Amino acid sequence: MAEASERQVWSSGGVRRIVLAFAFLLLLPFYASLGPMLFQRISRGLVGDTIALALLGLVFTALMALLLQQLIHAVRTRVVVDGRATRLTVPQAGQRGPFFMFNYQSKEIPHADVAAVETRSEVYGGSLAPVLLKSTRLTTKDGTHVVLGYTNANDQEDQIPFPAIGAEIAKRAGVPVKDHGVVRRSVQSRVLGVASTASENTALPEAEIAAINTSHTRNLRLLVAALALLVVGGITLDFLTASRTSFAEMGAGLSKAAPENPAPAKKK
């Protein structure tokens, strides 16, 4: 964040942009090779290999799409707040279609037109691994809602602090920040751009929030323990089923097979 007396600018750092671009370009050749590899397996009738590679391709496609989305977000997202207005380029919320993650909007909102700044925490997913995101949005006097962005309380590394930006805009516009608590949102509804229902706009009680946090912590610990057990079990099984032939015995066998006194090569 670069600050001046009346002007503040928020955007992703250069290091984050470079790392994301490097990771995407590094994985791109491997991703591009999946097409020819699938064609070779299909043309040779390798059904099992084709299905396995197709599943890998689906996972790889999701990973590349997420990485590209993060890269575009780091390059394009920018919020400038000065004494008169807020100029922003942020993801356009509520969009549908396969490219909803890549739709951005650029707007200039005078502070005199800001009616409210609102925040709320949204829980996505079930009790196994819920994700808690805090959204910040502006409401103008004509009823237009502009979502600044989302922040993850558990991942603060190199994030744009949208709640702090909203608080700064509210201070300059002379309006309070309204917090709507914690609500539960559907992943499908957000992906499809469906508006929140009445139940999704109802704040969760403190007891349910505590239960979600407890369940999330417990299940993550069980997941980490299960992964560690699988790794240790795999290494142990591989060690127990490995060949008993040692490298020393292999070397001795090779030395016996070689002639003791090879005949010298004849000179021409």
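Here the residue numbering is sequential within each chain, running from 1 through the sequence in written order. With pLDDT at 70 or above as the cut-off, local features in this predicted model cover only qualifying residues; side-chain atom pairs require 80 or more to be listed or tallied, and sums for whole chains, interfaces and linings still use all residues. Side-chain numbers here rest on the full set of heavy atoms in the structure, without hydrogens or water.

A word on the packing of helix α1 (residues 14-32) against helix α3 (residues 47-76). To describe two helices that pack against each other, one gives the angle between their axes and the distance between the axes. Following both chains from N to C, one finds α1 and α3 inclined at 150°, their axes separated by 9 Å at the closest point. Here α1 is positioned roughly antiparallel relative to α3, judged by the angle of their axes. The handedness of the crossing between α1 and α3 comes out as left-handed. Between α1 and α3, the residues in contact are Arg16, Arg17, Leu20, Ala21, Ala23, Phe24, Leu27, Leu28, Phe30 and Tyr31 and Phe60, Thr61, Leu63, Met64, Leu67, Leu68, Gln70, Leu71, Ala74 and Val75, respectively. Under the convention adopted here, Pro, Cys and the residues Ala, Val, Leu, Ile, Met, Phe, Trp and Tyr are nonpolar, Asp, Glu, Lys and Arg are charged, and Gly plus all remaining residues are polar. Looking at side-chain class alone, the contact of α1 with α3 contains 16 nonpolar, two polar and two charged residues. In this analysis an axis means a line fitted to C-alpha atoms, helices contributing only their contacting stretch, and an angle means the value between N-to-C directions, from 0 to 180 degrees. Numbering of helices and strands starts at the N terminus; helices are DSSP runs of H or I of at least 4 residues and strands are runs of E of at least 2. Roughly parallel refers to an angle under 35 degrees, roughly antiparallel to one over 145, roughly perpendicular to one between 65 and 115, and oblique to any angle outside these ranges. We call a crossing left-handed when the near helix sits turned anticlockwise from the far one by less than a right angle, and right-handed when that turn is clockwise. The contact criterion used is simple: two residues touch if any of their non-hydrogen atoms lie within 4.5 Å.

Topologically, serine 106 is positioned in strand β5 (residues 104-110). Any residue under 20% of the maximum accessible area for its type is buried, any over 50% is exposed, and the rest in between are partly exposed; the area is computed with a 1.4 Å probe on protein chains only. Taking relative accessible area as the criterion, serine 106 reaches 53% and is therefore assigned exposed. For serine 106, the contacting residues outside a window of four places in its chain are Arg76, Leu88 and Thr89. Polar contacts, as used here, are pairs of N or O atoms within 3.5 Å; protein pairs need one atom able to donate a hydrogen and one able to accept it. Residues neighboring in sequence count only if both atoms are side-chain atoms. Within the local environment of serine 106, its side chain forms a polar contact with the side chain of threonine 89, the two groups lying 3.0 Å apart.

Our focus in this paragraph is a nonpolar patch on the surface. A cluster of nonpolar side chains, namely Val47, Ile51, Leu55 and Leu58, defines an oily patch on the protein surface of about 420 Å² accessible area. For isoleucine 51, the location among the structural elements is in helix α3. A relative accessible area of 49% places isoleucine 51 in the partly exposed class. In this analysis, a patch consists of residues with relative accessible area above 30% that form no salt bridge, clustered at 9 Å for like charges and at 5 Å for the nonpolar side chains Val, Leu, Ile, Met, Phe, Trp and Tyr. To be clear on the numbers: accessible area is Shrake-Rupley with a 1.4 Å probe, and residue cover counts the displayed protein chains and nothing else. A pair is scored as a salt bridge if a Lys or Arg side-chain nitrogen falls within 4 Å of a carboxyl oxygen belonging to Asp or Glu.

This brings us to the nonpolar core. Here, nonpolar core refers to any group of buried Ala, Val, Leu, Ile, Met, Phe, Trp, Tyr and Cys residues whose side-chain atoms link them within 4.5 Å. Of all hydrophobic cores here, the largest spans 18 residues; its most connected members are Val79, Leu88, Val114, Leu148, Ile165 and Ile169. Ranked by size, the runner-up nonpolar core spans nine residues in total, among them Phe24, Leu34, Phe60 and Met64.

A separate point is the side chain of histidine 111. Tracing the backbone through its elements, the reader meets histidine 111 in the loop between β5 and β6 (114-124). Residues within four places of histidine 111 in sequence aside, it is in contact with Val81, Asp82, Gly83, Arg84, Ala85, Thr86, Ile169, Arg172 and Ala173.

Once that is clear, we can look at the pattern of salt bridges. Applying the stated criterion across every chain, the model contains six salt bridges. A salt bridge links lysine 171 to glutamate 168; its shortest N-O distance comes to 3.5 Å. Taken together, the residues lysine 171 and glutamate 168, both in helix α4 (residues 162-173) and three residues apart, mark about one turn of the helix. Classification of lysine 171 by relative accessible area gives exposed; the value is 60%. Note on glutamate 168: relative accessible area 12%, which makes it buried. With a shortest N-O distance of 2.7 Å, arginine 172 and glutamate 168 are connected by a salt bridge.

A separate point is the side chain of serine 121. Inspection of the secondary structure puts serine 121 in strand β6. A residue is classified by how much of its surface remains accessible, and serine 121, at 14% relative accessible area, is buried. If sequence neighbours within four positions are ignored, serine 121 has contacts with Leu132, Leu133, Lys134, Gly181, Val182 and Val183.

Our next topic: the packing of α1 against helix α2 (residues 34-43). The N-to-C vectors of α1 and α2 enclose an angle of 20°; their axes lie 5 Å apart at closest approach. Viewed along their axes, α1 and α2 adopt a mutual orientation that is roughly parallel. Residues Phe30, Tyr31 and Ala32 of α1 form the contact with α2, whose participating residues are Leu34, Gly35 and Pro36. Residue classes in the contact of α1 with α2 are distributed as five nonpolar, one polar and no charged.

Within the secondary structure, threonine 86 sits in strand β4 (residues 85-91). For threonine 86 and lysine 107, which are 21 residues apart along the polypeptide, the C-alpha to C-alpha distance reads 8.1 Å. With near-sequence residues (within four places) excluded, threonine 86 lies in contact with Val79, Val80, Val81, Lys107, Glu108, Ile109, His111 and Ile169. Within polar-contact distance, the side chain of threonine 86 engages the side chain of histidine 111 at 2.9 Å.

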